[in-house]
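Structure at a glance
In case you want the letters, here they are:
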Amino acid sequence: MAKDRANPLDYSRKTWMRLCMGFTFVFLYFPIVSLIAFSFNDSKRNITWQGFTLRYYEQAFNNSQLHEAFLNSLIIAGISTTVSTILGAMLGLALYRFRFPAQGPYEGLVHLPIVIPEICMAVAMVAFFATVNMPLGLTTITVSHIAFSIPFVAVVIRARMAGFDRSLEEASRDLGASQWQTFWNVTYPYMKPGLVAGALLAFTLSLDDFVITFFTSGPGSTTFPIKIYSMVRFSVTPEVNAASTVLIVITLALTVAALIIQSRSQGPTHA
Amino acid sequence: MPDSNTIITIRNVVKRFGSSVTAVNDVSLDIRRGEFFALLGPSGCGKTTLLRMLAGFESPSEGEILIDGEDMDGVEPNKRSVNMVFQSYAVFPHMTVHQNVAYGLKVAGTPKGEINQRVGEALALVQLESMADRKPDQLSGGQRQRVALARALVKKPKVLLLDEPLSALDAKLREQMQLELVRLQKSVGITFVIVTHDQNEALSMADRIAVMEHGNVLQLAPPAELYEYPNCRFVADFIGKMNLFDGQVVGARDGRVVVRVNALSDRVGDLELPYDGEARGGVGVAIRPEKLRLSSSEPVDEPVRLRTRIMEVVYYGDENHVFLEAGEAKFTANLQNVSRGAHAGVVRGEDVWISWRQEDTLLLTS
C-alpha cells in the first residue's frame, strides 16, 4: 500500500494549506466584517474607531427616503417571488414530467438567464420596455425580477422532483383520486421543500439586485440597493454601513433558512 | 360471451410502444371470479404491461378489456373498480399508516365514521392495528407492503392487482407472505391477479397461471398441470428444471408414439411415449430431475435405464443435485435427502444406473 499518501484530513495539518485557507477567509470576509464593525462607529468617517454607538442605525431608520426605498424593495420582492415561484414551479414540473421534441435545447434556453451577464439582461430589458412603450417604474422592475428569477426556481424544483417516485401518483389515481386531487395530495407535499427554497432564493435575488433594477427603474421607484448606491456617491457614512448591515442580515437569514429547509428535505424523503 | 363466472375478459389485446416494440401481442384470456390468477414470465415478457392495462395506466393498441362485463376502453384509472399493489409499494411518505389506508375512501367522499371503521378493519386484516399512527419511514419493508395491501383492499375492489409484490422481501419473509396472501385472498374472496417472474411464487399461490413470453401467453393452466404437462419447451424449461433432449418421431401406434433420441438411442433404444395428438418430425423429450432414480446395480425391470458417470454432486441440505453424463447426454438428478447419509455412495467419478418411468417422460412438439 502507498504509505506516503496523505489521508484527506491530513491536508488540514499542512502549513501551506492553512495559510491558503486563512487568506481566503480574510479576502472574503474582512470587507464585510469591517463594514459591519464601522456601522457601530461613533464618527462621521469610516477611518478610525471612535467608540460604540447605535446612532447611525437610528438615523438610517429615521431616513424617510431610505424607508421608502426599503418598502419599494419589499413590494417588488414580494410580487416577483410569488409570481416567479408559481411560474418557475410549473416550468420545473413540466421539464421533469414531459418528454417533447427539442427538449434539450429548450432546457438550455431556460437556463440562459442564469448564465448570461446581468448587464446584458438589463440592456435587453430596457430595450424591450422601450419597444412596448412601457414607462420605467416599479412595474418594469417587478417584471424584470420575475423574468430572471423563474429559471432559478425551475432549477430547484426540477432537482427536487428528480427523486420523486412516480408510482406514488399512479397509486393515488388507482385509489380513485383525480389528476387535480393527486397533484395537491401527493405531488405538492413532495414539492413543498423545493418550493420554499426556490421562493427564498427568488426573494433574496430580488431584494439585493442592483444592475437590472438600476436600468429598469424610473423616477420615484428607487429600491434599497439603489438608494444605498446614491448615498455612497455622496460619501460613505456609517449610516450607509448601518443600512447595508440590515440588508446583509436579512439576506443571510433567508439564505440560511433556505439551506436548512433544503437539507431537511434531503433526508429520508420516501421509503 | 363472458359468463357470470368471469370477472375479467381480455380479448385480442395488443400493446405497441412506438412503432417497433410490441409488448403484448394478441392476448386473449378470461379470469374467473374469486380466483388467484398469476401472470408469470421473464422480465420484458409483457406481463406488467398487461397488468397496467387492467389498472388503466396504459391503454391497449388493439383489442378490448372487460371488467365485470364493462368495457374499459377510455375509462380512467380512478374510475375502475380495481386496485393495485405496486412493486415499490408506493406508500405515501408524508402520511401516517392510517392516512394512507384512508386516502382512497377520503377522495371518494366517504363519511368520516365509515372511513375510520373500514380503515380499522383493513388494518386488522393485515395485522397492523398497532402501527396506525406511524409514518412509512418507521416501518419495515414487510410492514410497508401490508400498508399497500390494506390501502387497496379497503376500497373493496372487484379485482386486486399485484405487481411483483414480494420481490423486495428477503427469502424467509417472502415465503411467509406467500402463505399470508393466499389466506387473505380466501378470506376476502376478491379476485387476485399477481404478476411475477418467480415460478415458485406462482406455483405456490395461484389457482391458475398464464405463462408469458415475448408478449404471448404460451400456456394457461393450474400449477400442477403446468408443471407436469408443459405444452412447449419454453414452459418446460421456465417452470422448474428439466432434462431436455432433441429427438425424432419414428413411428406411432395406438395412442403412443415412438421417438428416437439422438443422444440416447444407442443406450436405451427408441422410447415409446403416450401421446394423444399427432406428432411427427423433430420433437423435444424431457424428464424432470426429481423423477430420475439412481441405483448402483442394473434395475433390470425398468424399461428405460442407462449407465452414467457422476460428474458433480451439489449439496443443498434438503436435496442433492447430481450431474451425470452418458456419452453426449447430460442429466441432472435431484435426490431428496430422506435420511442421513442417504447418498453416501453418490460421489463424483463413480458410475451409476439411472432409470425413469416411461409415463413420466414428456413429449414437446413446440
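Residues numbered from 1 in each chain as written. Chains lettered and ligands numbered in written order. Predicted model: local features only at pLDDT ≥ 70, side-chain atom pairs only at ≥ 80, totals over all residues. Heavy atoms only, no water.

Another aspect to go through is the overall build of chain B. A count of helical and extended segments in chain B gives 9 helices and 20 strands. Its C-alpha atoms give chain B principal-axis dimensions of roughly 75 × 50 × 35 Å. Residues counted as buried form 51% of the 366 residues belonging to chain B. In chain B, of all internal contacts separated by at least 6 residues, the share reaching a separation of at least 24 is 66%. For chain B, the accessible area works out to roughly 17,000 Å², and carbon and sulfur atoms hold 46% of it. (Helix = DSSP H or I, 4+ residues; strand = E, 2+ residues; numbered from the N terminus. Buried < 20%, exposed > 50% of the residue type's maximum accessible area, 1.4 Å probe, protein only. Contact = heavy atoms within 4.5 Å. Areas by Shrake-Rupley, 256 points an atom, 1.4 Å probe, with all protein chains shown as cover.)

Below, the discussion takes up empty space enclosed by the protein. Residues and elements named next belong to chain B. On inspection of all chains with the given rule, the structure shows 1 cavity of 30 Å³ or more. Within this model, the largest cavity holds a volume of roughly 40 Å³. What lines the largest cavity is V126, R146, L149, M177, E180, L181, R183 and L184. Looking at the lining of the largest cavity, the elements that each hand over two or more residues are α4 (141–153) and α5 (171–188). When residues in the lining of the largest cavity are grouped by element, the largest group, 5 residues, is from α5. Looking at the lining of the largest cavity, its residues break down into 5 nonpolar, no polar and 3 charged. (1 Å grid on protein atoms, 1.4 Å probe; cavity = no way out; pocket = protein on both sides within 12 Å on 5 of 7 lines; lining within 4 Å. Points joined across faces, edges and corners; volume = space filled by probe spheres on them. Nonpolar A, V, L, I, M, F, W, Y, C, P; charged D, E, K, R; others polar.)

For the structure shown, the criterion picks out 24 salt bridges over all chains. One salt bridge connects K158 of chain B with D68 of chain B, and the closest N-O pair in it is separated by 3.2 Å. Taken as a pair, K158 of chain B in the loop between α4 and β7 (159–163) and D68 of chain B in the loop between β4 (62–67) and β5 (70–71) lie far apart in primary sequence, 90 residues in all. For K158 of chain B, a relative accessible area of 34% translates into the label partly exposed. A salt bridge links E114 of chain B to R118 of chain B, with the shortest nitrogen-to-oxygen separation between them at 2.9 Å. Of this pair, E114 of chain B and R118 of chain B both sit in helix α3 (residues 112–125), 4 residues apart, which is roughly one turn of that helix. In the salt-bridge network here, residues are joined through shared partners; they are E170 of chain A together with R52 and E58 of chain B. (Salt bridge = Lys/Arg side-chain N within 4 Å of Asp/Glu carboxyl O.)

All names here are of chain A. A cluster of nonpolar side chains, contributed by L71, L74, I75, I79, V83, I86, L87 and M90, occupies part of the molecular surface with about 690 Å² of accessible area. Looking at where M90 falls in the secondary structure, it is placed in helix α3 (residues 64–97). Judged by relative accessible area, M90 falls into the exposed class, the value being 54%. (Patch = residues over 30% accessible without salt bridge, like charges linked within 9 Å, V, L, I, M, F, W, Y side chains within 5 Å.)

Residues and elements named next belong to chain B. On the basis of which strands lie adjacent, the open sheet formed by 6 strands has the order β6-β7-β8-β3-β9-β10 and mixed pairing. Strands with a single pairing partner mark the edges of an open sheet, and in this sheet they are β6 (82–85) and β10 (216–221). Adjacent strand axes in the sheet meet at a mean angle of 20° when their direction is disregarded. The pairing of strand β9 (residues 208–213) with β10 spans 5 bridges and is antiparallel. Its bridge partner being in β10, M212 is matched across the sheet by V217. Packing of α4 onto the sheet brings it into contact with β6, β7 and β8 (191–196), and relative to β6 it is tilted by some 175°. (Pairing = 2+ DSSP bridges. Axes fitted to C-alpha atoms, helices over the stretch in contact; angles between N-to-C directions.)

Right, let's get into the confidence of the model for chain A. Residue and element names in this part refer to chain A. Taken residue by residue, chain A gives an average pLDDT of 85. The fraction at 70 or more is 92%. Here helix α11 (residues 238–265) stands out as the least confident element of chain A, with mean pLDDT 81; helix α7 (residues 167–174) is the most confident, with 94. Here residues 267–271 is a poorly scored stretch, pLDDT under 50, and it has 10 contacts once near neighbours within four places are set aside; other chains count. (pLDDT = per-residue confidence, 0-100.)

For the rest of this paragraph, the subject is the nonpolar core. In this structure, L161 and V193 of chain B are the most contacted members of the largest nonpolar core, which totals 50 residues. Residues contacting L161 of chain B, with those up to four places away along its chain left out, are L51, L54, A55, V82, N83, M84, V85 and V193 of chain B. (Core = buried A, V, L, I, M, F, W, Y, C linked by side-chain atoms within 4.5 Å.)

Another aspect to go through is helix α6 (residues 138–161) of chain A. Between its first and last C-alpha atoms α6 of chain A spans 34 Å; for 24 residues at 1.5 Å apiece the expected length is 34 Å, and the two agree. Within α6 of chain A, the axis deviates most sharply at S149 of chain A, by approximately 30°, and proline P151 of chain A lies no more than four positions further along. (Expected span 1.5 Å × (residues − 1). Bend = angle between axes of the 7 residues up to and from the residue.)

Each partner contributes to the interface: chain A provides 21 residues, whereas chain B provides 26 residues. With both sides pooled, the region where chain A packs onto chain B buries about 1,900 Å², and carbon together with sulfur makes up 58% of that total. Of all residues in chain A, R173, D174 and L175 of chain A bury the most surface against chain B, accounting for 36% of the area lost on that side. Counting across the chain A and chain B interface gives 2 salt bridges. Between E76 of chain B and R173 of chain A there is a salt bridge, with its nearest N and O atoms 2.3 Å apart. Applying the counting criterion to the chain A and chain B interface returns 12 residue pairs in polar contact (both at pLDDT 80 or more). Looking at the side of chain A that touches chain B, the elements with two or more residues in it are α7 and α8 (179–207) of chain A. Top element by residues in the side of chain A that touches chain B is α7 of chain A. It accounts for 7 residues. Class assignment of the residues belonging to the side of chain A that touches chain B gives a composition of 8 nonpolar, 9 polar and 4 charged. (Buried area = accessible area lost by both parts, 1.4 Å probe. Polar contact = N/O pair within 3.5 Å; in protein donor to acceptor, adjacent residues only side chain to side chain.)

Attention now goes to the domain arrangement of chain B. All names here are of chain B. For chain B, the assigned domains are domain 1 (6–232) and domain 2 (241–364). The distance between the C-alpha centroids of domain 1 and domain 2 comes to 39 Å. Contact with domain 2 buries surface across domain 1, with Y227, E228 and P230 losing the most and accounting together for 80% of the total. On the surface where domain 1 and domain 2 come into contact, there are 1 salt bridge. Linking K291 and E228 is a salt bridge whose minimum nitrogen-to-oxygen distance equals 3.1 Å. The tally of links between domain 1 and domain 2 comes to 3 residue pairs in polar contact (both at pLDDT 80 or more). Here the side of domain 1 that touches domain 2 is composed, by residue class, of 5 nonpolar, 1 polar and 1 charged. (Domains from an automatic or database assignment.)

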